[in-house]
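# Descriptive structure summary
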Amino acid sequence: MEESTERYRITVGDGGLEIRNSKGKGLTFTAAEALMLLDILKNEEEKLRLAAEKTSPLPVRFRF
């Protein structure tokens, strides 16, 4: 997995969800699309946690 140093700004508003990088490029989701994305991420949470744990440079693991 490639290491990312980019910063992103996530904004939730009346129109939905926006994710922008420091150059202003990004993604815009309607509220319905954002909810579908949230559902997908919830279903894939365990896989994402395992992948993040494998690539983490930290010797200490944090549990949420």
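Above: the structure in question.
Small disclaimer: the values here were computed from a predicted structure and weren't measured. (Residues numbered from 1 in each chain as written. Predicted model: local features only at pLDDT ≥ 70, side-chain atom pairs only at ≥ 80, totals over all residues. Heavy atoms only, no water.)

### Quick look at the overall build of the protein chain
The number of helices and strands found in the protein chain is two helices and three strands. Scanning the protein chain from its N terminus toward the C terminus, one meets helices and strands in the order β-β-β-α-α. Taking contacts inside the protein chain between residues at least 6 apart in sequence as the whole, the part at least 24 apart equals 2%. (Helix = DSSP H or I, 4+ residues; strand = E, 2+ residues; numbered from the N terminus. Contact = heavy atoms within 4.5 Å.)

### Comments concerning the sheet that holds strand E3 (residues 26-30)
Strand order in this open sheet of three strands is E1-E2-E3, and the pairing throughout is antiparallel. Lying at the two open borders of the sheet, with one neighbouring strand each, are strand E1 (8-13) and E3. Across the sheet, the mean angle from the axis of one strand to that of its neighbour is 10°, orientation sign disregarded. In this sheet, E3 lies alongside strand E2 (residues 16-21) in antiparallel orientation, the contact comprising five bridges. Paired with Ile19 across the bridge in E3 is Leu27. (Pairing = 2+ DSSP bridges. Axes fitted to C-alpha atoms, helices over the stretch in contact; angles between N-to-C directions.)

### Thoughts on the pairing of E1
Of all the six residues making up E1, zero are buried; the element is thus mostly uncovered. Note: E1 against E2, six bridges, orientation antiparallel. Considered in E2, the bridge of Thr11 is made with Glu18. Two successive antiparallel strands, E1 and E2, enclose a turn made up of two residues. (Buried < 20%, exposed > 50% of the residue type's maximum accessible area, 1.4 Å probe, protein only.)

### Structural notes on the side chain of Asn21
Position of Asn21 among the secondary structure elements: in strand E2. Separated by 2.9 Å, the side chain of Asn21 and the backbone nitrogen of Lys23 make a polar contact. A distance of 3.0 Å separates a polar atom in the side chain of Asn21 from the backbone nitrogen of Gly24. Leaving out residues up to four positions away in the same chain, Asn21 has contacts with Glu6, Arg7 and Tyr8. (Polar contact = N/O pair within 3.5 Å; in protein donor to acceptor, adjacent residues only side chain to side chain.)

### Observations concerning the environment of Thr30
Position of Thr30 relative to the elements: it lies in strand E3. Residue classification places Thr30 among the partly exposed positions, given a relative accessible area of 40%.

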